[in-house]
Amino acid sequence: MGLFDLTGRRALVTGSSQGIGFALARALGGAGAAVVLNGRDAGKLETAAGVLRAEGIAVEVAAFDVTDHAAVGEAVGRLGVLDVLVNNAGIQRRAPLEDFPEATWHELMRTNLDSVFYVAQAVARGMIARKRGKIINICSVQSELGRPSIAPYAASKGAVKMLTKGMCADWARYGLQVNGLGPGYFETELTAALVADPAFSDWLCKRTPAGRWGKVEELAGAAIFLASEASDFVNGQVIYVDGGLTSVV
Ligand code: NAP
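Since we're looking at a predicted model, the values are computed, not measured. (Residues numbered from 1 in each chain as written. Predicted model: local features only at pLDDT ≥ 70, side-chain atom pairs only at ≥ 80, totals over all residues. Heavy atoms only, no water.)

Enquirer: Quick question: what am I supposed to make of the layout of surface pockets here?
Expert: Rolling a probe over the atoms, with the probe sized like a water molecule, indicates the empty space that remains. Quantified by volume, the largest pocket comes out at close to 910 Å³. Forming the walls of the largest pocket are 44 residues, and the residues nearest its centre are Asn88, Ala89, Gly90, Ile91 and Leu190. The set of elements that each furnish at least two residues to the lining of the largest pocket consists of α1 (19-30), β2 (34-39) and α5 (151-171). Here the lining of the largest pocket takes three residues from α1, the largest share from any one element. Looking at the lining of the largest pocket, its residues break down into 16 nonpolar, 19 polar and nine charged. (1 Å grid on protein atoms, 1.4 Å probe; cavity = no way out; pocket = protein on both sides within 12 Å on 5 of 7 lines; lining within 4 Å. Points joined across faces, edges and corners; volume = space filled by probe spheres on them. Helix = DSSP H or I, 4+ residues; strand = E, 2+ residues; numbered from the N terminus. Nonpolar A, V, L, I, M, F, W, Y, C, P; charged D, E, K, R; others polar.)

Enquirer: In this structure, what is going on with the site of the ligand? I would like to understand it.
Expert: Around the ligand, the surrounding shell holds 32 residues, and the nearest of these are Ser17, Asn88, Tyr153, Phe186 and Thr188. Take arginine 40: an N or O atom from its side chain is 2.8 Å from an oxygen atom of the ligand. Bound to the protein, the ligand loses 94% of the 890 Å² it would expose on its own. Among the detected pockets, the ligand sits in the largest pocket. (Near = heavy atom within 4 Å. Polar contact = N/O pair within 3.5 Å; in protein donor to acceptor, adjacent residues only side chain to side chain. Areas by Shrake-Rupley, 256 points an atom, 1.4 Å probe, with all protein chains shown as cover. Sits in = over half its atoms within 2 Å of the grid points.)

Enquirer: Just checking my understanding: could you explain unusual backbone geometry for this structure?
Expert: The general pattern is negative phi for most residues beyond glycine and trans for most peptide bonds. A positive phi is found at lysine 131, a non-glycine position, where the angle reads about 60°. With respect to the secondary-structure elements, lysine 131 resides in the loop between α4 (102-130) and β5 (133-138). The backbone of serine 149 shows a phi angle near 80°, a positive value even though the residue is not glycine. Inspection of the secondary structure puts serine 149 in the loop between β5 and α5. With a relative accessible area of 30%, serine 149 lands in the partly exposed category. (Buried < 20%, exposed > 50% of the residue type's maximum accessible area, 1.4 Å probe, protein only.)

Enquirer: Would you mind showing me how to read the pattern of salt bridges here?
Expert: When the charged atoms of two side chains with opposite charge come close together, those side chains can pair. Taken as a whole and assessed by the stated rule, the structure comprises 10 salt bridges. Note that lysine 161 is salt-bridged to glutamate 144, the shortest N-O span being 3.2 Å. Of this pair, lysine 161 sits in helix α5 while glutamate 144 sits in the loop between β5 and α5, and the two are 17 residues apart along the sequence. By relative accessible area, lysine 161 is classed as buried at 15%. Residue glutamate 144 is classed as partly exposed on the basis of its relative accessible area of 41%. (Salt bridge = Lys/Arg side-chain N within 4 Å of Asp/Glu carboxyl O.)

Enquirer: Which parts of the structure should I look at to understand the sheet that holds strand β7 (residues 238-241)?
Expert: Strand pairing in a sheet relies on backbone hydrogen bonds, with the paired strands running either antiparallel or parallel. Taken in spatial order, the seven strands make up an open sheet running β3-β2-β1-β4-β5-β6-β7, and their pairing is parallel. The sheet is open, and its two borders are formed by β3 (59-63) and β7, each paired with just one other strand. The average undirected angle you get between the axes of adjacent strands in this sheet is 20°. Where strand β1 (residues 10-13) and β2 come together, four bridges link them in parallel fashion. When the bridges of β2 are listed, alanine 11 appears paired with valine 35. Along the sheet, α1 makes contact with β1, β2, β4 (84-87), β5 and β6 (176-183), crossing β1 at roughly 175°. On the sheet, α4 packs against β1, β4, β5 and β6 and is oriented at approximately 175° with respect to β4. (Pairing = 2+ DSSP bridges. Axes fitted to C-alpha atoms, helices over the stretch in contact; angles between N-to-C directions. Contact = heavy atoms within 4.5 Å.)

Enquirer: How should the packing of aromatic side chains be read in this particular structure?
Expert: To describe a pair of aromatic rings, you give the distance between the ring centres and the angle between the ring planes. In this structure the tally under the stated criterion is five aromatic pairs. Taken together, a centroid distance of 5.4 Å and an interplanar angle of 50° make the contact between phenylalanine 200 and tryptophan 203 tilted. Here phenylalanine 200 and its partner tryptophan 203 are both found in helix α7 (residues 198-207), three residues apart, which amounts to about one turn of the helix. For phenylalanine 200, a relative accessible area of 7% corresponds to the buried category. Seen in terms of ring centroids, phenylalanine 200 and tryptophan 213 are 6.1 Å apart; in terms of plane orientation they differ by 55°. Their pairing is tilted. Of the two residues, phenylalanine 200 sits in helix α7 while tryptophan 213 sits in the loop between α7 and α8 (220-227), which places them 13 residues apart along the sequence. The same class applies to phenylalanine 200 as to tryptophan 213, namely buried. Here the aromatic cluster, defined as three or more aromatic residues joined through ring pairs, consists of Tyr185, Phe200, Trp203 and Trp213. Over the ring of tryptophan 203 we find arginine 147, and its NZ or CZ is 4.3 Å from the ring centre. (Phe/Tyr/Trp six-rings, centres within 6.5 Å; stacked < 30°, edge-to-face > 60°. Lys NZ or Arg CZ within 6 Å of the ring centre and 35° of its normal.)

Enquirer: When you look at α1 in this model, what are you seeing that I'm missing?
Expert: Note: α-helices contain 3.6 residues per turn, so residues at a spacing of three or four share the same orientation. Compared with the 16 Å implied by 1.5 Å per residue over 12 residues, the 17 Å span of α1 between its first and last C-alpha is a close match. Most of α1 sits out of view: nine of its 12 residues are buried. The set of residues buried in α1 consists of Ile20, Gly21, Phe22, Ala23, Leu24, Ala25, Ala27, Leu28 and Gly29. Downstream of α1 by one or two residues, glycine 32 has phi in the positive range, about 115°. (Expected span 1.5 Å × (residues − 1).)

Written out as structure tokens, the structure reads:
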């Protein structure tokens, strides 16, 4: 199992005070990495850090807004060496496309797409100098599939998939591996409205070959794989952890 051992590695997971980001930080920490938790709310970060520290994981917190280019540069400079970056912070905004407000479009693109460019560029410069690094961009089944009322979200996640391939094209030669992780439907605060809607939940369970929602712990294996030596020749790929959703109509 040494291939998957992250002892001695330091990982920044953006948007990790709750939900999928928190689960990914816990997974990387459980495999031996020291983790840096990020979000905008310092109080939420301290609470999350306390939970992981109680599990024996080495944790730092870095509160900054991933949409603020200057704040990202300052935080990444202060953090120093990072071996693994998970670009996870993201938001969902729903409205029929014909009524979708322009300001919300930009908020969504800034959070889901611009942030991936900002944080990855800042972190990759150090990785390129050290000729080693792992970047995991959190995509979605909406990187592949549309759905009514979330066209801007799908556009942002499709772009994250293509930015992943572009990062591979530019940075693989420097020893970096850049891959995507595409969750299906997982129960988190982001999906709370859908979980609470029996009609949606019923549709989802019928539409997903596995017949159920995902549990955030089920993202751990793919995350550890993509963060570890086990994936050293895997580059520019998106691994969908979705109970088969993107493979079946
Ligand atoms: P969530 O429960 O809403 O958590 C989002 C996290 O991101 C929080 O920690 C939040 O903390 C942080 N965040 C939001 N905006 C930020 C910003 N501008 N700067 C820094 N941190 C920010 O969401 P989730 O369900 O775990 O989703 C995480 C990622 O997985 C997203 O990229 C999402 O698109 C993707 N995803 C989720 C699902 C799903 O089923 N849940 C499926 C596919 C893909 P603060 O608010 O304190 O900043």
